[in-house]
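Read off the chains here:
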Amino acid sequence: MQSVLTSMRALALRQPAADSLRLLHLSAVSEAARKGTREKARKKKVKVEVKKVGFIPHNQRNKKINVKRADKHVDDSWKQVPKDDCYVGRYYRWPVYSVSEAIQCHRETHHPSMYNVPNAPLNVDIELNMQAEKITRFVDNFQRMAMIPHKFEHGEERKIIVFTKGNNEVMEAREAGASLVGGVELIKDITSGELLLSDYQYVIAHPNILAELVALRGLMKRKFPNPKSETLGTNLAEMIVKFSSGISYSASKDEYQQNFGLITACVGTLDMEAQKLEENIQNLLQDINTMRPKREGRFITRVLLKSPPSSEQLKIDPFVYVPEMWDKSSARVKKEEVKKQAEPAEEPQGAVAAN
């Protein structure tokens, strides 16, 4: 009986302690819940600030944005021909001038009574269709030097260094106007650091020194002479004249329209004779046409003559100097004709050897 009483007393004493513990636990849970709800309410009250985006350059913008851009290949063949001299230009075809007429028009605008720049440079803009043989392929950007028959002041510093052996070749290069001519000793000076290749814009070499010149391949990189860039050959005088007084030009594809290429080059000054300027333009167009891809259609699409400070652009017909279309059948005929011409020349040599 006594044990039962003691156990009841113990339970009576433990109950208030348990209630107090439970109360403490409930108070902690409620505080945590209140804290969470308060934080959510504060977040709802915070205003969302819209950040203003300033101007972003075209090369830093998101590439996924598709912007509709106008086709840079201008085709105005569907427009009507103007019937008089007074018309709104954008509604009619561009007038096509001969080279002599375009030069005369620029001379009139540069007369002392107008712009007063009679010796202004004559620039030519040549638009190209850079599509290759396949529709998904395009012609790579290229840089060339076109040889012209009539020199003019191009305003560029062109130092030429020539590598060759033999007294005759050295004398020929010096007479042609090379800045520096040498052989093995010149290669040693460059490897030792006494002479800097960066001081020279063009490097020309004769095949007789090509074995020794390989040591400088790492220093020259793209400047290393090769037949494709026409910096390696036996005719040193012709190459030196070409790189010292020729027209340097480069064709580059448009960033957004890969099949459109543009060449801008200076062909002379307005105070030169019109015939000389026309011959320079002809040689430039013929040199560009050598880079033509083997596909049908036009490569040179449009040619414009400009002369700063005037903004006037005069269209000329380039197909007077170069073929308009490339035809596979005509190319095969030409190859067969070359073979036929080569065969008779080989037959007499064989007959002589037999005798």
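Just so it is clear, the model here is predicted, and its values are computed rather than measured.

**Remarks on the sheet that holds strand 4 (residues 160-163)**
Spatially, the three strands line up as an open sheet ordered 5-4-6, and their pairing is parallel. Strands at the two margins of the open sheet, each flanked by one partner only, are strand 5 (180-182) and strand 6 (202-205). For this sheet, the mean inter-axis angle between neighbouring strands, taken without regard to orientation, is 15 degrees.

**A word on the pattern of salt bridges**
Scanning all chains against the criterion turns up 10 salt bridges. A salt bridge links Asp125 to Lys306, with the nearest nitrogen and oxygen atoms 2.7 Å apart. Taken as a pair, Asp125 in strand 2 (residues 121-129) and Lys306 in strand 9 (residues 300-306) lie far apart in primary sequence, 181 residues in all. By relative accessible area, which is 9% here, Asp125 ends up buried. Looking at Lys306, the relative accessible area reads 23%, which means it is partly exposed. The salt bridge involving Glu324 is made with Arg298; its shortest N-O contact spans 2.6 Å.

**Focus on the packing of aromatic side chains**
Considering all chains together, one arrives at three aromatic pairs under this definition. Taking 6.5 Å as the distance between ring centres and 90 degrees as the angle between the ring planes, the aromatic pair formed by Phe142 and Tyr249 counts as edge-to-face. Taken as a pair, Phe142 in strand 3 (residues 142-146) and Tyr249 in strand 7 (residues 247-253) lie far apart in primary sequence, 107 residues in all. With respect to burial, Phe142 and Tyr249 carry one shared label: buried. Here Tyr202 and Phe243 contribute two aromatic rings whose centre-to-centre distance is 5.2 Å and whose plane-to-plane angle is 50 degrees, an arrangement assigned as tilted. Within this pair, whereas Tyr202 is found in strand 6, its partner Phe243 is found in helix 7 (residues 236-245), the two being separated by 41 residues in sequence.

**With respect to the side chain of Ser310**
Of note, Ser310 is situated in the loop between strand 9 and strand 10 (314-316). Separated by 3.2 Å, the side chain of Ser310 and the backbone nitrogen of Glu312 make a polar contact. Setting aside anything within four residues of it in sequence, one finds Ser310 in contact with Thr109, His110 and Tyr115.

**Considering the packing of helix 3 (residues 167-176) against helix 7**
At their nearest, the axes of helix 3 and helix 7 sit 9 Å apart, and the two run at 25 degrees to each other. Of the possible angle classes, the one that applies to helix 3 and helix 7 is roughly parallel. In the packing of helix 3 onto helix 7, the handedness of the crossing is right-handed. Contacts between helix 3 and helix 7 involve Glu169, Glu172, Ala173 and Ala176 from the former and Leu236, Ala237, Ile240 and Val241 from the latter.

What counts, and where the lines are drawn
Residues numbered from 1 in each chain as written. Predicted model: local features only at pLDDT ≥ 70, side-chain atom pairs only at ≥ 80, totals over all residues. Heavy atoms only, no water. Pairing = 2+ DSSP bridges. Helix = DSSP H or I, 4+ residues; strand = E, 2+ residues; numbered from the N terminus. Axes fitted to C-alpha atoms, helices over the stretch in contact; angles between N-to-C directions. Salt bridge = Lys/Arg side-chain N within 4 Å of Asp/Glu carboxyl O. Buried < 20%, exposed > 50% of the residue type's maximum accessible area, 1.4 Å probe, protein only. Phe/Tyr/Trp six-rings, centres within 6.5 Å; stacked < 30°, edge-to-face > 60°. Polar contact = N/O pair within 3.5 Å; in protein donor to acceptor, adjacent residues only side chain to side chain. Contact = heavy atoms within 4.5 Å. Parallel < 35°, antiparallel > 145°, perpendicular 65-115°, else oblique. Left-handed = near helix turned anticlockwise from the far one by under 90°.

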